[in-house]
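# Chains, contacts and geometry: an overview
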Amino acid sequence: GAGVSQTPSNKVTEKGKYVELRCDPISGHTALYWYRQSLGQGPEFLIYFQGTGAADDSGLPNDRFFAVRPEGSVSTLKIQRTERGDSAVYLCASSLTAGEASYNEQFFGPGTRLTVL
Amino acid sequence: ELKVEQNPLFLSMQEGKNYTIYCNYSTTSDRLYWYRQDPGKSLESLFVLLSNGAVKQEGRLMASLDTKARLSTLHITAAVHDLSATYFCAVDSANFGNEKLTFGTGTRLTIIP
């Protein structure tokens with residue numbers, strides 16, 4: 001079946017612009033995660049959705065970052081007034097659910113490479 | 001704050017040799033994950049270790065977990081070129097209802113023919 005998809009695969013923007021990054025999770029997965037991976041580093045957690053609600057947004061670096069998941073499926077990560085330091089690969093992951101007795105494996109999308117000039 | 005450390009950060013080894021990558025973490029968690037990442041690609045799940053003493057093997061890779069020592073190892077046996085990639089370990093937050101992952105910095109493995 002289809003895996004997690006993300007669009008665009010690459011985004012180049014100028015400092016100060018607004019960008020939106022989209023994530024389409026695996027069908028039926030209720031949990032959705034956004035991570036950011038800087039060059040040479042491991043992914044860092046940004047925000048987690050269970051259904052439509054953001055259950056944990058503690059990883060968002062500041063108020064320029066915002067994410068939504070209005071219908072409990074597709075999610076959009078929004079970055080306002082982009083800065084050069086926002087340049088990174090933004091990864092989305094989904095899992096069947098979260099909070100069950102057993103673990104829920106996270107499946108990652110291909111990522112969006114954001115470059116802020 | 002949960003911290004995850006991997007070593008070595010870089011590993012260059014010849015085909016046919018054995019080596020081990022180490023992953024230490026700072027909090028009590030029984031769930032540890034190993035991922036592989038090829039250049040420019042996303043993360044591929046390799047192993048999920050769910051309890052103390054867990055050992056899993058797939059091909060030339062074997063992962064183990066010691067929750068008391070807060071240590072996981074990824075052992076490579078008789079390495080082949082196809083195993084060249086960056087390997088990440090990750091620990092989940094162990095909070096019921098939110099399994100956000102904290103990743104190590106990765107080990108970049110290069111297998112030399």
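Quick look at the structure, then. Since the model is a prediction, treat every value here as computed from it, not as a measurement.

Rules behind the numbers
- Position numbers for residues count from 1 along each chain, tracking the sequence in the order it is written.
- Lettering of chains starts at A and numbering of ligands starts at 1, both following the order in which they are written.
- Residue-level local features of this predicted model are given only where pLDDT is at least 70; pairs of side-chain atoms are given and counted only at 80 or more, and the full residue set underlies all totals for whole chains, interfaces and linings.
- Side-chain figures throughout are based on the complete set of non-hydrogen atoms in the structure, without hydrogens or water.
- Counting from the N terminus, the helices are DSSP H or I runs at least four residues long and the strands are E runs at least two residues long.
- Between N or O atoms, a polar contact is any pair within 3.5 Å; within protein, one atom must be a potential hydrogen donor and the other a potential acceptor, and residues adjacent in sequence are included only when both atoms are from side chains.
- In what follows, residue pairs with any heavy atoms lying within 4.5 Å of each other are defined as contacts.
- By definition, disulfides here are pairs of cysteine sulfur atoms that lie within 2.5 Å.
- With a 1.4 Å probe rolled over the protein chains alone, any residue whose accessible area is under 20% of its type maximum counts as buried; one over 50% counts as exposed, and the rest are partly exposed.
- Buried and open spaces are told apart on a 1 Å grid over the protein atoms alone, a cavity being a set of points where a 1.4 Å probe fits but cannot get out and a pocket being an open set with protein on both sides within 12 Å along at least five of seven lines. Residues with an atom within 4 Å of a point are the lining residues.
- Grid points are joined across faces, edges and corners, and a volume is the space filled by probe spheres set on the points.
- Classification convention: Asp, Glu, Lys, Arg as charged; Ala, Val, Leu, Ile, Met, Phe, Trp, Tyr, Cys, Pro as nonpolar; all other residues, Gly among them, as polar.
- Paired strands, in this sense, are two strands between which DSSP finds at least two bridges.
- Every axis corresponds to a line fitted to the C-alpha atoms, with the helix fit spanning only the stretch in contact, and the corresponding angles, defined between N-to-C directions, vary from 0 to 180 degrees.

## Concerning the side chain of B:Gln6
Residue and element names in this part refer to chain B. Here Gln 6 lies in strand E1 (residues 4–7). At 3.1 Å, the side chain of Gln 6 forms a polar contact with the backbone nitrogen of Gly 106. A polar side-chain atom of Gln 6 sits 3.2 Å from a polar atom in the side chain of Thr 107. Discounting residues that sit within four places of it in the chain, Gln 6 has contacts with Ile 21, Tyr 22, Cys 23, Trp 34, Tyr 87, Phe 88, Cys 89, Gly 104, Thr 105, Gly 106 and Thr 107.

## Focus: the state of the cysteines
Applying the stated criterion across every chain yields a total of 2 disulfides over all chains. Here A:Cys23 is linked by a disulfide to A:Cys92, with a sulfur-sulfur distance of 1.8 Å. Disulfide A:Cys23-A:Cys92: the torsion about the S-S bond is -65°, which places it as left-handed. With A:Cys23 in strand E3 (residues 19–24) and A:Cys92 in strand E9 (residues 88–95), this pair connects stretches of sequence that are 69 residues apart. Note on A:Cys23: relative accessible area 0%, which makes it buried. The side chain of B:Cys23 participates in a disulfide bridge whose partner is B:Cys89; the two sulfur atoms lie 2.0 Å from each other. Across the S-S bond of B:Cys23 and B:Cys89 the torsion is about 85°, and the bridge reads as right-handed. Remark: B:Cys89 occurs in strand E9 (residues 85–92) and B:Cys23 occurs in strand E3 (residues 19–25); sequence separation between them is 66 residues. We note that B:Cys23, like B:Cys89, is buried.

## What about the layout of surface pockets?
Regions of empty space are outlined by a rolling probe, equal in size to a water molecule, passed over the atoms. Estimated volume of the largest pocket: approximately 750 Å³. For the largest pocket, the lining is made up of 34 residues, of which A:Gln37, A:Leu39, A:Gly40, B:Gln37 and B:Arg108 are closest to its centre. Listed by contribution, the elements that provide at least two residues to the lining of the largest pocket are E9 and strand E11 (112–116) of chain A together with E9 and strand E11 (107–112) of chain B. Counted as a void, the second largest pocket has a volume near 480 Å³. Lining the second largest pocket are 20 residues, and of these A:Glu44, A:Phe45, B:Glu1, B:Leu2 and B:Thr102 lie nearest its centre. Contributions of two or more residues to the lining of the second largest pocket are made by strand E5 (44–50) of chain A together with strand E10 (101–103) of chain B. Across the lining of the second largest pocket, the residue classes break down as 7 nonpolar, 8 polar and 5 charged.

## Brief notes about the environment of A:Gly16
All names here are of chain A. Relative to the helices and strands, Gly 16 is located in the loop between strand E2 (10–13) and E3. Among the residues examined, Gly 16 registers a relative accessible area of 44% and is labelled partly exposed. Here the alpha-carbon distance between Gly 16 and Asn 62, two residues 46 residues apart in the chain, equals 15 Å. In this view, Gly 16 contacts Arg 81 and Thr 82; residues no more than four positions away in its chain are not counted.

## Section: the sheet that holds strand E8 (residues 71–76) of chain B
Residues and elements named next belong to chain B. With antiparallel pairing, the 5 strands of this open sheet are ordered in space as E1-E3-E8-E7-E6. Two strands in the sheet have a free side with no partner beyond their single neighbour: E1 and strand E6 (55–58). Averaged over all pairs of adjacent strands, the angle between strand axes in this sheet comes to 15°, irrespective of strand direction. Where E6 meets strand E7 (residues 61–66), 4 bridges bridge the pair, whose relative direction is antiparallel. Looking at E7, one finds that Lys 56 is bridged to Ala 63.

## Details of the side chain of A:Asp86
All names here are of chain A. Following the sequence through the fold, Asp 86 ends up in the loop between strand E8 (75–79) and E9. With a relative accessible area of 3%, Asp 86 lands in the buried category. In this view, Asp 86 contacts Arg 36, Arg 64, Phe 65, Ile 79, Leu 114 and Val 116; residues no more than four positions away in its chain are not counted.

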